[in-house]
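# Examining the three-dimensional arrangement
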Amino acid sequence: MPETTAVEVTGLRKSYRNVPVLDGLDLRVPRGTVFALLGPNGAGKTTTVRVLATLTAPDGGRVRVAGYDVVADRSRVRRAISLTGQFAAVDEDQTGTENLRMMARLSGLSRRDARRRATELLDRFGLTDAADRAARTYSGGMRRRLDLAAGLVGEPDVVFLDEPTTGLDPRSRQELWQVVRDLSARGAAVLLTTQYLEEADRSADTIAVLHGGRVVAEGSARALKARVAGHRLDVVAADEAAYARLAPHAARRTPEALTLGIATDGTAGHVRALLDTLDPHRSDIVRFTVHSATLDDVFLTLTGTGTAAATGTVNTTATATATQESTRV
């Protein structure tokens, strides 16, 4: 395997009770990059991370992490990785310093080296002022940073983050993403799953959309948006009957607001042609807005779901900026 590759997955298969969860999954994660895995609930994101972290055995395929096979070289893989789950796993009765020193000792460091490493990580994660406080007094963001720091005691080559910002406030999420960017800048490969599409948009070098146990699209956020459409035309239907007539043409549907989203290149000519095709009698559409495409549009189009709610996973706090708005008369 090339030295630049941290994770290489070919034809990964995994089933539970004869129900396929991963069906020929292929992934490649270079070192020094942030790789985001997106997909609806049940798409296999967490199962993928568990296989890569040697917590679940694959049923088939070839999986190598940090140059080692996850089955044949399980112990070597574990020494080369760090895994942080959805909830911080720290000893709340111990201080930040005690948590990190304990992890360092368990990793085989001497007492002296454990003290040095704990001090270094507390400073790196902005926890020095809280080093002697019990972890139970930490905020959610501080606990998550302490949890991540504990996983980095052994300076892993590959870091797995399974929905690391779950339950965090916006400030804590921003702090965590800065840590993630720092990790990749230092040469580590970071593979993460997230429910927040705008976070992947801003922070990931590469995004893979997982659906039906396979990767259905992969690339940078910009490339994925261009693949689906440069822009999105949102139309508001006149009534429920009009909504029903327009719905088959839409990738995004919000029935409670009678709103549908249709892919467009954003040019005036294409928008006019779309409106004339969708509503030739000018009676079904009462308003329209043109937006720049977002990862939401990529996700909903590629996973075949018509509403954000239907995916069961999409949490978005960022909205696209409207570039054109008009009322049809």
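Our structure's up above, just so we're on the same page.
Each chain has its residues counted from 1, following the order in which its sequence is written. Side-chain atom pairs in this predicted model are given and counted only at pLDDT of 80 or more, local residue features only at pLDDT of at least 70, and totals for whole chains, interfaces and linings cover all residues. Note that water and hydrogens are dropped before the side-chain values are worked out from all heavy atoms of the structure.

Secondary structure is summarised from DSSP: a helix means a run of H or I of at least four residues, a strand means a run of E of at least two, and numbering begins at the N terminus for each. Scanning the protein chain for helices and strands turns up twelve helices and 15 strands. A contact between two residues is defined here by any heavy atoms of the two lying within 4.5 Å. Here the analysis covers contacts within the protein chain between residues at least 6 apart in sequence; of these, 69% occur between residues at least 24 apart. Areas reported here follow the Shrake-Rupley algorithm with a probe of radius 1.4 Å; residue values treat only the protein chains shown as occluding. Accessible surface, the protein chain: about 15,600 Å² in total, of which carbon and sulfur atoms supply 47%.

Judged by pairing direction, the sheet is antiparallel, and its four strands sit side by side in the order β2-β1-β4-β5 without closing on themselves. Because the sheet does not close on itself, it has two edges, and the strands there are β2 (19-30) and β5 (68-69). Pairing analysis gives two bridges linking strand β4 (residues 60-65) to β5, with the strands arranged antiparallel. Along β5, the bridge assignment pairs R64 with D69. When DSSP finds two or more bridges between a pair of strands, those strands are recorded as paired.

Turning next to the sheet that holds strand β9 (residues 206-211). Across the sheet, which stays open at both edges, the six strands sit in the order β6-β7-β8-β3-β9-β10 with mixed pairing between neighbours. The two strands at the open ends of the sheet, each matched to only one other strand, are β6 (81-84) and β10 (214-219). Neighbour-to-neighbour, the strand axes of the sheet open up by a mean angle of 15 degrees, direction not taken into account. Note: β9 against β10, five bridges, orientation antiparallel. Bridge pairing links A208 to E218 in β10. Against the sheet, helix α1 (residues 45-52) contacts β3 (34-38), β6, β7 (158-162), β8 (189-193) and β9, and its axis sits at roughly 145 degrees relative to β8. Sitting on the sheet, helix α6 (residues 170-185) touches β3, β7 and β8, and the angle it makes with β8 is about 145 degrees. Whenever a helix is involved, its axis is fitted only over the stretch in contact; in every case the axis is a line through C-alpha atoms, and angles between N-to-C directions fall within 0 to 180 degrees.

This next bit is on the pairing of β4. As judged from the five bridges shared by strand β1 (residues 5-16) and β4, these two strands associate in the antiparallel manner. Bridged to V9 within β4 is V63. Counting the residues that bridge the hairpin from β4 to β5 gives two residues, and of these A66 lies at a positive phi of roughly 55 degrees.

Moving on: the packing of helix α3 (residues 96-106) against helix α5 (residues 140-151). The geometry of α3 relative to α5 is characterised by a closest axis approach of 9 Å and an angle of 25 degrees between their N-to-C directions. If you check the angle between α3 and α5, you find them roughly parallel. The hand of the α3/α5 crossing is right-handed. Across the interface between the two elements, G96, N99, L100 and M103 from α3 touch L146, A149 and A150 from α5. Here the word oblique covers every angle except those under 35 degrees (roughly parallel), over 145 (roughly antiparallel) and from 65 to 115 (roughly perpendicular). Note on convention: near helix rotated counterclockwise from far helix by under a right angle means a left-handed crossing. Clockwise means right-handed.

Residues enter a patch when their relative accessible area is above 30% and they make no salt bridge; the linking distance is 9 Å between like charges and 5 Å between nonpolar side chains (Val, Leu, Ile, Met, Phe, Trp, Tyr). One speaks of a salt bridge when a side-chain nitrogen belonging to Lys or Arg is within 4 Å of a carboxyl oxygen belonging to Asp or Glu. Charge counting treats Lys and Arg as positive and Asp and Glu as negative, with His and both chain ends excluded. In this description, the location of a charge corresponds to atom NZ of lysine, CZ of arginine, CG of aspartate or CD of glutamate. Where like charges cluster on the molecular surface, the positive patch consists of R101, R105, R111, R112 and R115. Of all elements in the fold, only α3 and α4 (111-124) reach the threshold of two or more residues within the positive patch. Broken down by element, the positive patch gets its largest block of residues, three residues, from α4. Secondary-structure assignment places R101 in helix α3.

Attention now moves to the pattern of salt bridges. With the rule as written, the count across this model stands at nine salt bridges. Ionic pairing is found between R136 and D93, a salt bridge with its closest N-O pair at 3.0 Å. Of this pair, R136 sits in the loop between α4 and α5 while D93 sits in the loop between β6 and α3, placing them 43 residues apart in sequence. Here the salt bridges share partners, and the residues they tie into one network are R116, R117 and E120.

With that settled, the discussion passes to the packing of α3 against α4. Packing of α3 against α4 leaves a shortest axis separation of 8 Å and a crossing angle of 130 degrees. As summarised for this structure, α3 and α4 are arranged oblique, according to the angle between their axes. For the pair α3 and α4, the sense of crossing is right-handed. Each of G96, T97, L100, R101, A104 and R105 in α3 lies in contact with α4, whose residues at this interface are R111, A114, R115, A118, L121 and L122. Amino acid classes used here: Ala, Val, Leu, Ile, Met, Phe, Trp, Tyr, Cys and Pro are nonpolar; Asp, Glu, Lys and Arg are charged; the rest, including Gly, are polar. Here the residues of the contact of α3 with α4 sort into six nonpolar, two polar and four charged.

Turning next to α6. Residues that lie three or four places apart on an α-helix share one face, since the helix turns once every 3.6 residues. What a helix should span is 1.5 Å times the count of its residues minus one. If you check α6, its first and last C-alpha atoms are 23 Å apart, about what 16 residues at 1.5 Å a residue would give, namely 22 Å. Under the scheme applied here, a residue whose accessible area is under 20% of the maximum for its type counts as buried, over 50% as exposed, and between as partly exposed, the area being computed with a 1.4 Å probe on protein chains only. Every buried residue belonging to α6 is among S172, R173, L176, W177, V179, V180, L183 and S184, and all of these are buried. All buried residues of α6 project into a common sector of 155 degrees when viewed along the axis, lining one side. α6 presents P170, R171 and A185 as exposed residues on the side facing more than 90 degrees away from its buried surface. Next to the buried residues of α6 lie β3, α4, α5, β7, β8 and α7 (197-203). Throughout, the arc means that of the directions going from the helix axis to the C-beta atoms.

A few words on the layout of surface pockets. Considered as a void within the structure, the largest pocket measures approximately 600 Å³ in volume. Put simply, the parts of the chain that give the lining of the largest pocket at least two residues each are α2 (74-80), β6, α3 and α5. A class-by-class count of the residues in the lining of the largest pocket yields 14 nonpolar, eight polar and five charged. Throughout, the protein atoms alone are placed on a 1 Å grid, and a set of points is a cavity if a 1.4 Å probe fits but cannot get out or a pocket if it is open with protein on both sides within 12 Å along at least five of seven lines; lining residues have an atom within 4 Å of a point. Grid points are joined across faces, edges and corners, and a volume is the space filled by probe spheres set on the points.

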